[in-house]
Every structure is written in C-alpha cells, then in structure tokens.
Amino acid sequence: MKKFRLTSLICVGILCVAVCFAGCSDKAAVSDGDANTFTYWTSLPASLATHVQSYNEVAMYQYLEEKTGVHIEFIHPAAGQENEQFNLLLASRDFPDMIEHSWVSYSGGAQKAIDDGVIIALDSYLDNAPNFKATMTDKYELSEIYRRNSTTDSGQYFGFTALNTGNYRVFGGPAIRRDLLEKYNLEMPVTIDDWTNVLTTFKNNGISTPMTGMISAVSNGSELPFAGAFGVAGRWYLDGDTVKYGPMEDGFKDYLALMNKWYNEGLIDRDIATNQQTLIDSKIVNGDSAALVQGYLGSALGRYLAQKEAEDPNWDLVGADYPVLNAGDINEFPTMEEDVRKTNTIAITTACKDPAKAVEWCDNLYSEEGLMLTNFGVEGKSYNMVDGKPVYVDEILKNSEGLSINEALQLHTRATSAAPGFNQAEEYLNQYYAYEQQRESFKKWEANTAPGRTHKMPNLFATEEERDIMTTIEADLNTYVNETLWNFINGSESLDNYDKFIETLKNQFRIEEYQKILQNQYNRYISK
Amino acid sequence: MAVSKTVTQKKSLMHTLGKEWQRNKYLYILSIPIIVYFIMFKYVPMFGLTIAFKDYNIVKGLFASEWVGLKYFKEFFTGIYFSRTLLNTLIISAMNIVIGFPVPIIFALMLNEITNNKFKKVVQTASYLPHFISMVVICGMITDFFSTDGLISVLISKFGGENMTYIGEKDYFRAILVGTDVWQGFGWGSIIYLSALSGIDEQLYEAAAIDGAGKWKQLLHVTLPGIANTIIIMLILRLGQVLAVGYEKIILLYSPQTYEVADVISSYTYRMGILNGKYSYSAAVGLFQSVVNLLFLVTTNKISKKYTETSLF
C-alpha cells in the first residue's frame, strides 16, 4: 500500500510538472538583438521538414547568409497549422522582423495590415531594393501586373511577393490515354462532339468509367476545362473589365446539360462528386478509366506515368487540348496560376528595428542571381551552366540516397513551391517534368495562357466592411450553388428549373450585391 | 447564542475537512491536474464567449473589439439554412438516441449471460476496437466500403441490391452515419453497464430462482431494475447533447450531393465560422447550442427526479 501511494505521488508530481511545461514551451525563439540577425516567420514544407530543421540548412539561404553577412533566424509554424499560428501571432502582437504569408487575405486587406500597425509600407525603402524596384517598374513585360498585385489599393507596396516568370502557367487540363486512342483508331479529341464520340467508343469497348476525376472543383473555384468550352468559368472571372459569375452566364446551362448527358450515359464517373484521390488513382491505373477531367501535370501525369513505366511501357497518358465547341476556337479558361501568387509574400513588420537592412536582404531574391538561387540553387552545387542553360546535377535528378527530385531540390532551392521572388523558371519546368508527356502537355496548353490571363481575377483587396458582407453571403451561396449544380448534373433537378435557380441566386443569396463588391474592388485595382 | 452556534459549526466543519484531508489527501492531490485542466480549459475560455456579442477582430483582441449585441444570433436564426440544419441536427440526434442508446445496454445484457469467460473477453475486446481507431481512418474506411465496388456495396449487390456509391446518396446517408456510429461506440458504451451489472447481488438471483423465475423473468425483475439507475443517468447525460452532433464525422463524409440531409448546425458553422473566419458568428451558434443542451439536460433531470427518484443533481 505504501509503495502504491508513493508511486501515485510521483505520478502526480510528473503530471504537474508536465502541465507547467506545456504552458510555457514555445517562448524560446526571440531575436537576440544582434544588428545582423533578423527573425523570419515562414512555413517549412512538410516534405522538407523530414530532412532539415529550418531553412538555414538549405543551400540557397546558406549562400545568402555568406553573401550578405545577415543571419536569419527562421521561425517555422507546425506544418498544417500555418493559418492558426499566423492568427495567434497577430493576436500576440509579438512579431518577428519578417513574416511570409498571404497578406492579400489579411482581414481587411494588406492596407489594413499596414493601418493596424502590423507591417510597414515599403515605399520609403524602395531605394534599398533596386532590383525589386526595377522588377516592379519596367524591367519585365509583366512589371505592370507585378506592381498592381504587390501594392495596396492606395498604391503602397506591402511586401515582397511571389512572382511567376515564363509563359507556362497552365498546370492542368483534360488528359487522355493516347495508346487507347490509337488502339481504337481515334483522333485526339478537340471539340466537345469529339469527346462524346471518344468516350462513347471507350465505353462500348468495355472501359466501365471512361472519364473520371473530381468536379468538386466547383467548390474551390478552379476552372473547369469542359465549362471553358462554353465560354464560362466555374466561378468568378473577368470579361474585359466586367466581373462575372460563371453559373449566371449563358453557356453554363449548356455545360450542365452536357455533364448531365454524360452522367446519364455513364461516360463520366458517377462518383464524380464524392470521389477520393485513391479511387481515381486506382481507376486510372487499372484501366477502368481512360481519361481525366483535370489531369495535373505533376500529381497526376507524372505520378501515373512513373507507376506504369516499368509494367507497361506503352501506357501513354497525355494532356489533351482544352476542349472547344467548334474546331479552331480557343478555350479561354485554362487551369492556370496567377502572375503573382496570393501566398508567400514577405512583409516587414513594425517590430523590425532595421527595416532598410531587411529590405536589402529581401531584394537579393529579385536580382538575376536571386532568380537562379530560388529556382536552381548554387552553381556547382545543384546545377551547372551547359551551353548557357542551367542543368541540374545528377545528385538532384537521380539522387544517390533515393530522394525524389522534389525532395532533392528542396534541400537546395525553393523551386518546387511558391516562394518570394521568381517562380517557375522555364528551364526548371523542363527538367522537373521528367516525362516527355508532361512537357508536351504544358507546351500544348501554353496556347491558352494568354487568353486565360485576361479572365483571371487578380489579387483584389476587400475593405473590412466589404469583407464582412462577402463572408456572410459567401458561405450560404457556396452551399446552395454546389448543391444545386450537382442536382442538375445527376438529374435530380431538371434543367428546366435553371432560370429559377438564377432567380433564387439573385433574390435570396444576394449574388448581385456580391458581384458589385467584386467589381468595385476590381475598379480600384485597375485604377492604381 | 446564534454566534456561538455558527462558531462551533465552523469549527466542526474545519475539523471534518481536516479529517477528510488526512484520510484522502493522496486522492485530492491526484485530482489536482484534473481540476487545473477544467479551470484552464473549460472555465477560463468561458470569458471568451463574449465574442459572440462582439465584432471580434483578431488584431484588436478580445477587449477592444466592438459590441454588436445580438447581431450574430439574428444572422443565424434568420439565415437561409437555419431550419434545415436545425432539423437535420434533431433528426440525426434522435436517430442516434433511439438506435444508439439501447444497443450497448442489450449488448451488455447479452454479454452478462455468457458463462465462458474466454469467449466473453474476446468478444468484449473485439467490440472495443473500433472506438480506438481515429475518426479520419474510420471515415476513410466508410467512404471506401460504401463506394462503388467497395466492400459493402459489393456485398449488397451480391444480395440483389445495386452496386453504387451509397455514401453519396441522400436516402442512405443518415443510416450509414448513425449505423457506423453505433458500430463504433456500442462496445465502449457497454462498459459502464457491465460494471453496473457486476454490482447486482447474486443472492437476488438465487431468491428469484427459488421463487420459480426463469432466465427471462430474472432479467426483467432483477437485472433491469438493478441497472435502471445507471440507464437513467446515462440517458439524461445523452439528452444533454441533443444538439451536439459532432461535425468531424459529417464533414469527412458529406458532399454537396448530400448536404440536404447531412448538413447539421455544427458542420454549417464549421463552414461559416472556421473556413470563412467568422469567429463571432461561430461563437454565437456554439452558445446557442450549449444553452439548448443545458435546457434539455435540466428538464430531463427534473422529470426523472419527479418520476423515478433518480437524478444527476
């Protein structure tokens, strides 16, 4: 008995101590006040976090430290909790010197973050950042777009944004098994009628679910390749200078009618609303499906090709042209990235004691050297110049420890996900996409980039008041639209009721008010 | 006179407390972490509920945010989906209680009749297992099993049904949701009844047997009255969670196809509050849920006290 009591006492003691420690564990990382040290809050990709503790172990940041003499103390939020921890950081008001996050989505917009005293406007430090300044003014063809997306509505620079370079913005589109097309003597489908024909032939030859994928893209606003054929996007898009909502426009009903027809004939996956990635994977790999509504270059094409390579060298999944109604048309709604990412913008906070120096450090990312650093790493270590082009060393492409290209690159660069500075350099894509089919696909889709850009919504800022109205409208609107669009596709709601659907959107869900707010935001954007 | 009485009372109270402390001090020490836990994580956050009445802004903080009164409550009650989510919540909750509540009791009664101890242990352990699997894994299994060509869909088609995605069908969603809830929880839920069963005096059974009661009569007149108190307490507690249909499982299983039957208050609030960052709104809904739940708890407790003389407090 005595022994038992003693044990329980010890247990209680341990518990108490544990509770105390749990309460005060994450207070360690505070700048030591050294003039050459800056704290920098940014997320660390989960796949990199298994190999390193912080970006200090990544070659490009080691190079930058050597070059500038500035030491960066990285603070990395736990993977998957970036948004919560960002909010906690704001609430604590104990800011690091630099924060890399999506400042566009800060409640009230980036201007509000400046007014709230969270971050500083960079305008008065632009002379410390000659490369950034040149990038934003006239150095590139896209400088104007870069600037508009990096400034608040009143024209102040709010941070060092993540810019896309090159012309290959489209990262996904319809994909199809070319070997099966050849087997059944079919041409690569171009028009919607071609697609219907191809999918029907597949179906008649025993492919149970000719096309699979997930059209839950309706809910996250991605463009829908097949809606694009009817001249509409899945959600909000620009038509000239007018903001429009896809489901409210003429073509959308025809798009739904097509989907409904394909659904009834069993040409598209009946589970297309509830699909899970694993189910799609198995259908494609087992050959139950021969086409994808949305085949992403890396996560679909690259993965499937790698999986089938050894087993069946003739297996050939490749991106198809974006579908159109009549041959010769151009589908203007590809799935593409913006020229300036909404995420991964470094802002200098009000807590930074020497903003000029921090700005100087960030500016390194916007020079030619910075572009090489972010995309290719340090010359001689991760790449070599061959005939004037950067070529990754074998250690990156065929890693001796079995790391994927993605993982190997992350140890040297920030090429594989959005980063402040320049992203998606052409030579990076050419080497990162290892399969001919991938390169062929993104070159094919390049034709859609220019018109796609004119329809893409830029980084718009909502005032606090606007944001309040928008969030109220948004949640119900999305619920209703997602639900009703599904009912139209699977036939539980007749398309004859489509006008009623639009009426309901207008009368009950305040869609016009929402549209007007977006239009105002766009007008502010275009006039700055 | 009165004064001296209170003094002696106080003294004797102190005395009893001291004695109590002497006797059970390790138990009290042992309970400290639990008490600290409740104060820190249950009572302190209650002050945060004020954000339900404020226009909470994360930068301004709790105190500097403006008061807006009942704005968010109004928004919720007049919302387009209020009646639908409330109805879904009540239906799913009612199904859970009507089907899910008796199953552990029946299971415990059945287990109690098993005399082979080894077999009993195996069955018991097997029935606990689903309780320990993470919700995400369970939901992954459910979507997999109930999809086209999934385990259960194939089984159903073997018996003449259709091989399709049952989890995406409005007609089956609630049944799957509640059915799997029962499957996941009945083993674990039966523990408390088993312990109550083991507390019944053996002599009562002997006496009943001598009086000529068979197994069924024994069950009706000895066993059930013996655990009636436990059942009532558990029912009161369960009714106290009428509106608290958990959102984790639902948001993992539903899709726009099944919103109509699956969208409950908590999943709706999740989409509204967390995905859209409307903290005040979700706090208001949370407060509403808690108040209704408390009302249910207190009412059932009162009713039970009046008619069965069993109550929580």
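Quick caveat, the model's predicted, so the values are computed rather than measured.

### A word on the overall build of chain A
Link 1 in the chain: Looking only at helices and strands, chain A has 24 helices and 15 strands in total.
Link 2 in the chain: Computed over its C-alpha atoms, the radius of gyration of chain A comes to 26 Å, within 12% of the 24 Å expected for a compact globule of 528 residues.
Link 3 in the chain: Taken over the C-alpha atoms alone, chain A extends approximately 75 × 70 × 55 Å along its principal axes.
Link 4 in the chain: The buried share among the 528 residues of chain A stands at 55%.

### Let's talk about the interface of chain A and chain B
Link 1 in the chain: On the chain B side, the residues contacting the 36 residues of chain A number 33 residues.
Link 2 in the chain: Between chain A and chain B, the buried area comes to about 3000 Å², and carbon and sulfur atoms account for 56% of it.
Link 3 in the chain: The interface formed by chain A and chain B contains 2 salt bridges.
Link 4 in the chain: In this structure, Glu483 of chain A and Arg84 of chain B form a salt bridge, with 2.9 Å as the shortest nitrogen-oxygen distance.

### Considerations on the pattern of salt bridges
Link 1 in the chain: All chains considered together, the criterion is met by 33 salt bridges over all chains.
Link 2 in the chain: Glu513 of chain A is the salt-bridge partner of Arg510 of chain A, the closest N and O atoms lying 3.0 Å from each other.
Link 3 in the chain: The class of Glu513 of chain A is partly exposed, set by a relative accessible area of 35%.
Link 4 in the chain: Among the salt bridges present, the one from Lys215 of chain B reaches Glu113 of chain B, with a minimum N-O distance of 3.7 Å. Of this pair, Lys215 of chain B sits in helix H11 (residues 215–239) while Glu113 of chain B sits in helix H5 (residues 102–113); the two residues are 102 residues apart in sequence, bridging distant segments of the chain.
Link 5 in the chain: The class of Glu113 of chain B is partly exposed, set by a relative accessible area of 40%.

### Description of the nonpolar core
Residues and elements named next belong to chain A.
Link 1 in the chain: Residues Phe202, Tyr255, Trp262 and Leu505 are the most contacted members of the largest nonpolar core, which totals 106 residues.
Link 2 in the chain: Per-element tally for this core: the top contributor is helix H22 (residues 464–490), with 10 residues.
Link 3 in the chain: Setting aside anything within four residues of it in sequence, one finds Leu505 in contact with Tyr245, Met248, Leu477, Tyr480, Val481, Arg510 and Ile511.
Link 4 in the chain: Within the second largest apolar cluster, 74 residues are counted, among which are Phe38, Met136, Leu292 and Tyr383.

### Considering the packing of H22 of chain A against helix H24 (residues 511–526) of chain A
For any two helices packed against each other, one specifies the crossing angle of their axes together with the interaxial distance.
Residue and element names in this part refer to chain A.
Link 1 in the chain: Relative to each other, H22 and H24 sit at 135°, their axes nearing to 10 Å. Considering the angle they form, H22 stands oblique to H24. Crossing angle aside, the handedness with which H22 passes H24 is left-handed. The residues of H24 that touch H22, namely those facing Glu466, Ile469, Met470, Ile473, Glu474 and Leu477, are Ile511, Glu513, Tyr514, Ile517, Leu518, Asn520, Gln521 and Arg524.
Link 2 in the chain: Of the residues that constitute the contact of H22 with H24, the class distribution is 8 nonpolar, 2 polar and 4 charged.

### What about the domain arrangement of chain B?
Link 1 in the chain: For chain B, the domain assignment lists domain 1 (1–42) and domain 2 (63–308).
Link 2 in the chain: For domain 1 of chain B and domain 2 of chain B, the distance between their C-alpha centroids amounts to 37 Å.

### Quick notes on the side chain of Arg174 of chain B
Link 1 in the chain: The residue Arg174 of chain B is located in helix H9 (residues 170–198) in this model.
Link 2 in the chain: Among the polar contacts made by the side chain of Arg174 of chain B, one reaches the side chain of Asn88 of chain B at a distance of 2.6 Å.

### Description of the side chain of Lys283 of chain A
Residue and element names in this part refer to chain A.
Link 1 in the chain: With respect to the helices and strands, the residue Lys283 is situated in helix H13 (residues 277–286).
Link 2 in the chain: Among the residues examined, Lys283 registers a relative accessible area of 13% and is labelled buried.
Link 3 in the chain: When neighbours within four sequence positions are excluded, Lys283 is seen to be in contact with Thr212, Asp269, Asp271, Asn275, Asp288 and Ser289.

### Describing the confidence of the model for chain A
The predicted structure's coordinates, where accompanied by low pLDDT, should not be read in detail.
Link 1 in the chain: Mean pLDDT over chain A works out to 88, with 92% of the residues at or above the 70 mark.
Link 2 in the chain: The low-confidence segment residues 16–31 of chain A, where pLDDT is below 50, has 7 contacts with residues more than four positions distant or belonging to other chains.

### Observations concerning the domain arrangement of chain A
Residues and elements named next belong to chain A.
Link 1 in the chain: The domain boundaries assigned to chain A delineate domain 1 (37–165 + 341–424), domain 2 (170–336 + 433–455) and domain 3 (464–526).
Link 2 in the chain: A buried area of about 2200 Å², summed over both sides, lies between domain 2 and domain 3, and 71% of it is on carbon and sulfur atoms.
Link 3 in the chain: In this assembly, domain 2 and domain 3 are joined by 0 salt bridges.
Link 4 in the chain: Where domain 2 packs against domain 3, one counts 7 residue pairs in polar contact (both at pLDDT 80 or more).

Rules of the game
Residues numbered from 1 in each chain as written. Chains lettered and ligands numbered in written order. Predicted model: local features only at pLDDT ≥ 70, side-chain atom pairs only at ≥ 80, totals over all residues. Heavy atoms only, no water. Helix = DSSP H or I, 4+ residues; strand = E, 2+ residues; numbered from the N terminus. Rg over C-alpha atoms; globule rule 2.2 N^0.38 Å. Buried < 20%, exposed > 50% of the residue type's maximum accessible area, 1.4 Å probe, protein only. Contact = heavy atoms within 4.5 Å. Buried area = accessible area lost by both parts, 1.4 Å probe. Salt bridge = Lys/Arg side-chain N within 4 Å of Asp/Glu carboxyl O. Core = buried A, V, L, I, M, F, W, Y, C linked by side-chain atoms within 4.5 Å. Axes fitted to C-alpha atoms, helices over the stretch in contact; angles between N-to-C directions. Parallel < 35°, antiparallel > 145°, perpendicular 65-115°, else oblique. Left-handed = near helix turned anticlockwise from the far one by under 90°. Nonpolar A, V, L, I, M, F, W, Y, C, P; charged D, E, K, R; others polar. Domains from an automatic or database assignment. Polar contact = N/O pair within 3.5 Å; in protein donor to acceptor, adjacent residues only side chain to side chain. pLDDT = per-residue confidence, 0-100.

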